[in-house]
Amino acid sequence: MADLLPILETMENRWMRAWVGRDLRTLKGLTSRKFMLLIGSKPCVILDAASWVEAATTRYLCTSYRFGDVYARDLGSVALFASELEVQATMDGHDWSGRLWVTDLWRKTGVRRGWRMIERVLSRPEDNPQVPNAIRSLQLWR
């Protein structure tokens, strides 16, 4: 994983900078045609690649972002990236800024062996301070 982490962080930052810069070409280049964005709301909502790219350059606009601690996992031809994400964003002129938990799935392409994001899941982080210790207590490998 040590070799893949800097690659994933670079790809994530390129993808986010493309969103901030409304860079349609870069967003399309880094986003798989099979991409799905899942918003962890109630009820959950899904956007496909075309809907996401259109929204990210016209209506759902990000002006800044910052990743927190990063979790990454190499799964061969796919890789998982997860982090807390702080965004300054608007949707149709309304403030949508805040802290999110982002989980991204990247897949290595067959032709040029580049990486494309195939799925992003956004949800709100759990703020209850008892949750991490409660979950850790379930770990069998301690």
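Everything here concerns the structure above.
Computed from a prediction, not measured in an experiment: that's the story for all the values here.

J.: Mind showing me how you'd approach the pairing of strand β7 (residues 115–123) here?
T.: If a strand is regular, its side chains alternate between the two faces of the sheet. Sheet topology note: the strand β1 (residues 31–39)/β7 ladder contains 5 bridges and is parallel. Bridge assignment links Leu37 to a residue of β7, and that residue is Arg120. The antiparallel hairpin formed by strand β6 (residues 98–108) and β7 contains 6 residues in its connecting segment, where Arg113 sits at a positive phi of about 60 degrees.

J.: Would you mind showing me how to read the packing of aromatic side chains here?
T.: Geometry of an aromatic ring pair is reported as the spacing of the ring centres plus the angle between the planes. Within this structure, the stated rule accounts for 8 aromatic pairs. Centroid distance Trp15 to Trp52: 5.3 Å. Interplanar angle 15 degrees. Geometry classified as stacked. In this pair, Trp15 sits in helix α1 (residues 4–20) while Trp52 sits in helix α3 (residues 49–58), placing the two residues 37 residues apart along the sequence. For the pair shown, Trp15 and Trp52 are each scored as buried. A ring pair is formed by Trp52 and Tyr60, whose centres lie 6.2 Å apart and whose planes are at 85 degrees; its orientation type is edge-to-face.

J.: Please clarify how the environment of Leu85 should be interpreted in this entry.
T.: Examined against the element boundaries, Leu85 turns out to sit in strand β4 (residues 78–91). In this structure the C-alpha to C-alpha distance between Leu85 and Asp127, which are 42 residues apart in sequence, comes to 14 Å. Aside from chain neighbours lying at most four places away, what touches Leu85 is Met16, Tyr65, Arg66, Phe67, Gly98, Arg99, Leu100, Val102 and Arg120.

What counts as what
- Residues numbered from 1 in each chain as written.
- Predicted model: local features only at pLDDT ≥ 70, side-chain atom pairs only at ≥ 80, totals over all residues.
- Heavy atoms only, no water.
- Pairing = 2+ DSSP bridges.
- Helix = DSSP H or I, 4+ residues; strand = E, 2+ residues; numbered from the N terminus.
- Phe/Tyr/Trp six-rings, centres within 6.5 Å; stacked < 30°, edge-to-face > 60°.
- Buried < 20%, exposed > 50% of the residue type's maximum accessible area, 1.4 Å probe, protein only.
- Contact = heavy atoms within 4.5 Å.

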